[in-house]
Every structure is written in C-alpha cells, then in structure tokens.
Amino acid sequence: LEMVRHPIPDVEIDIHISNVFPLDRNSNQIPHIALTKYSADYIFFVDGDNILKKDALENLLKHCDDNTLVGPTMGQLDNELNFVQEKNSVLAGKSYMSGWCLAAHRDVWKRLTLPSYCGPFSEEFPIAYFEDTDLSFRARQDKINFVVVDIPVSHFGKQTSKQLNTYELYNNSRKVFVKKWKNKK
C-alpha cells in the first residue's frame, strides 16, 4: 500500500491483492488471471510472504522493457538440475529468475504465455517449485534478457510452504522439470 501513496509518474498500476493461503493447486492461475483482467503495461508478481519497501516497485519497473524479465534474485542449478544457490546477482549457466518477485512489460508476459495454460507459468508442475525455473528456461530460449535489481524487501520465510511437505513437492516438481529440460540446451 505504500506504493499506492507514492505513485510512479507516467506508469499505470493495477493493484490486485490476493491471498493464496493455504497454497493450493490453483495458485498458478493468479498470473494467468492478472494477464487477462488487468490492462497495465507492466505486470508485477510477488509472493504473499514478502513485503516490498518504498521504491522497490519503481526500481524494478525502470529496468523493464519489451525484452526483459526483472527480479531481485536468481537461482542456480547444477548439472543434474538440482537447486544449488540463490543470489542477488546475475548467474551464468543453468540459472533462472526466482519467481517470488518478477516484473516485466506486458509484451514479455505475452511472449511467455503458454497457450495450453493461458498464462506464463506452467501448471504441469506441482505447486511451489520449478514453475519459475521453467519460465526462465523458456525466456532464455526466446532470447529474453534477465536483469537482477537490488530492492528493499522483508521476507517472512517460507510462509507459502510451511504447511506443505516441501521435500515431496520439490522432488515431484524436479522430476517434471528434468523430464522436460534434461536434453535441451
């Protein structure tokens, strides 16, 4: 709500607040709904267990263009496609934009939209893991740039998955991801 009190000049912002707790299978549909329901040029997604502080949205959006996916962190995978690390800097190799906070121009989201799911995040993955990794791998194939921007954020630590068996979720999602991406460059 702080962002509403300090609007960004010349940027239309549609704000939709959605509680997805407890996290369920339909949580991947929120980005799909946002892309069809709202008309803003820039679309921004952030997990419900994060609070962005003053100027965070402005810092993200000033790096957005029609060929860039912007967020505060990237993750790294090893050669077997396991998570290795997450950093606030651009990583090389098998890296991905972390999905807990992403911003992009509407045109980027449209390019990443999967016709079978009507949105950018694939619903073939069980909730909580690898949707963002898959999105990033598809973005890289489409030659979309990644920009990591340092923003002030408060994270309330795994609130989205506290009630879930994260080990099982991770392994189930990883199996889907490996099957899809293991032989692709």
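Residue numbering note: each chain is counted from 1, following its sequence as written. Two thresholds apply to this predicted model, a pLDDT of at least 70 for residue-level local features and 80 or more for giving and counting side-chain atom pairs, whereas whole-chain, interface and lining totals are computed over all residues. To obtain the side-chain values, all non-hydrogen atoms of the structure were used and water was disregarded.

It is worth spelling out the environment of glutamate 124 at this point. The helix and strand labels rest on DSSP assignments: H or I over at least four residues marks a helix, E over at least two residues marks a strand, and numbering proceeds from the N terminus. With respect to the element layout, glutamate 124 can be found in the loop between α4 (106-112) and α5 (131-141). For glutamate 124 and phenylalanine 177, which are 53 residues apart along the polypeptide, the C-alpha to C-alpha distance reads 9.1 Å. Here serine 122 takes part through its side chain, which lies 2.7 Å from a polar atom of the side chain of glutamate 124. In terms of polar contacts, glutamate 124 uses its side chain to reach the side chain of lysine 180, at 2.8 Å. Counted as a polar contact is a pair of N or O atoms within 3.5 Å, where, for protein atoms, one must be capable of donating a hydrogen and the other of accepting one, and residues adjacent in sequence contribute only when both atoms are in side chains.

It is worth spelling out the pattern of salt bridges at this point. Any carboxyl oxygen of Asp or Glu within 4 Å of a side-chain nitrogen of Lys or Arg constitutes a salt bridge here. Evaluation of the coordinates by the stated rule reveals four salt bridges. The partner of aspartate 142 in a salt bridge is arginine 111, and the shortest N-O contact between them spans 3.0 Å. Of the two residues, aspartate 142 sits in the loop between α5 and β8 (145-148) while arginine 111 sits in helix α4, which places them 31 residues apart along the sequence. Note that lysine 180 is salt-bridged to glutamate 124, the shortest N-O span being 2.8 Å. With lysine 180 in helix α6 (residues 166-181) and glutamate 124 in the loop between α4 and α5, the pair connects residues that are 56 residues apart, well separated along the chain. Residue classification places lysine 180 among the partly exposed residues on the basis of a relative accessible area of 23%. Via salt bridges that share partners, Glu124, Asp134, Arg138 and Lys180 belong to a single interconnected network. A 1.4 Å probe rolled over the protein chains alone gives each residue an accessible area, and that area as a share of the maximum for its type sets the label: buried under 20%, exposed over 50%, partly exposed in between.

Don't take any of this as a statement about function, it's just geometry.
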